[in-house]
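# Working through the structure, step by step
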Amino acid sequence: MKKQPNNDEQDMVISYLTIRKAVGVLGIALPVVLLLGTYLISHCACIRGAISDYYYSIMGSYFTGTLCAVALFLFSYKGYDSADQISTNIAGVFALGVVFFPSNMGKNCTECNLLFLPDNCLRNVVHYGSAAGFFFTLAYVSIVLFTKTNKDKPTPQKCNRNIIYKICGYVIVVSMVLIGIFKITGIEKELNAYRPTFWLESLALWAFGFSWLIKGKTILQDE
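The helix and strand tally for the protein chain stands at seven helices and zero strands. Going residue by residue from the N terminus, the α and β elements of the protein chain occur as α-α-α-α-α-α-α. Along the three orthogonal principal directions, the C-alpha set of the protein chain runs to about 65 × 35 × 30 Å. By residue count, 44% of the 223 residues in the protein chain fall in the buried class. Sequence separation of at least 24 residues holds for 72% of the intrachain contacts in the protein chain that already meet a minimum separation of 6. On the protein chain, roughly 12,000 Å² of surface is accessible, and the fraction owed to carbon and sulfur atoms is 66%. The distance from the centre of the 19 positive side-chain charges to the centre of the 14 negative ones in the protein chain is 3 Å.

Applying the stated rule across the entire model yields one salt bridge. The salt bridge partner of K183 is E188, with a shortest N-O separation of 3.2 Å. What makes K183 partly exposed here is its relative accessible area of 36%.

Rules used in this analysis
Residues numbered from 1 in each chain as written. Predicted model: local features only at pLDDT ≥ 70, side-chain atom pairs only at ≥ 80, totals over all residues. Heavy atoms only, no water. Helix = DSSP H or I, 4+ residues; strand = E, 2+ residues; numbered from the N terminus. Buried < 20%, exposed > 50% of the residue type's maximum accessible area, 1.4 Å probe, protein only. Contact = heavy atoms within 4.5 Å. Areas by Shrake-Rupley, 256 points an atom, 1.4 Å probe, with all protein chains shown as cover. Lys, Arg positive; Asp, Glu negative; His and termini not counted. Charge placed at Lys NZ, Arg CZ, Asp CG, Glu CD. Salt bridge = Lys/Arg side-chain N within 4 Å of Asp/Glu carboxyl O.

Purely spatial values, then, with no claim about function.
Spelled out as structure tokens, the structure:
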């Protein structure tokens, strides 16, 4: 006869599922809320060059608050073994690095800025290093950790979820690689009117958020 989980075990499962869903929702919502917020509150329709540039806008508090919340959830997430905990803790540290070391102020939409900081090369390097570390760590979590199974033969739904986890992880990796290529080669400046970095970062956030929603058993649950 299969042993039924006690109340504490059920609460723990619910807690982990809630954390996964919360992280997913925050990641997916971030670019959308930043765009809508700046337009509706400050009537600024200009799209900034990168997600981080919204730190200087009227939505700066939402940007920092969301990343701090994501970091807190990642620190709280234990997963199944030490690899899960270590990876999410590292991602949490990188998320805080993005917040506490803001990038230099972008050249787009400066007329809509509420905050002005002098450029600082070291702070800028730490920021982009933290952002890259954050996304690549989350890609590793999605591709490697989320696809693990404790069964000899995974269910069809688990196989489908693993395909989505890998797609989301590789979307994150490709987005980050393209951003790096665009910046190094100068393509970003040529495509500046289209805001390639902002949209690639948004794509990475949506992939990250969607993988965590799947992990939170929002869809494709086992029967």
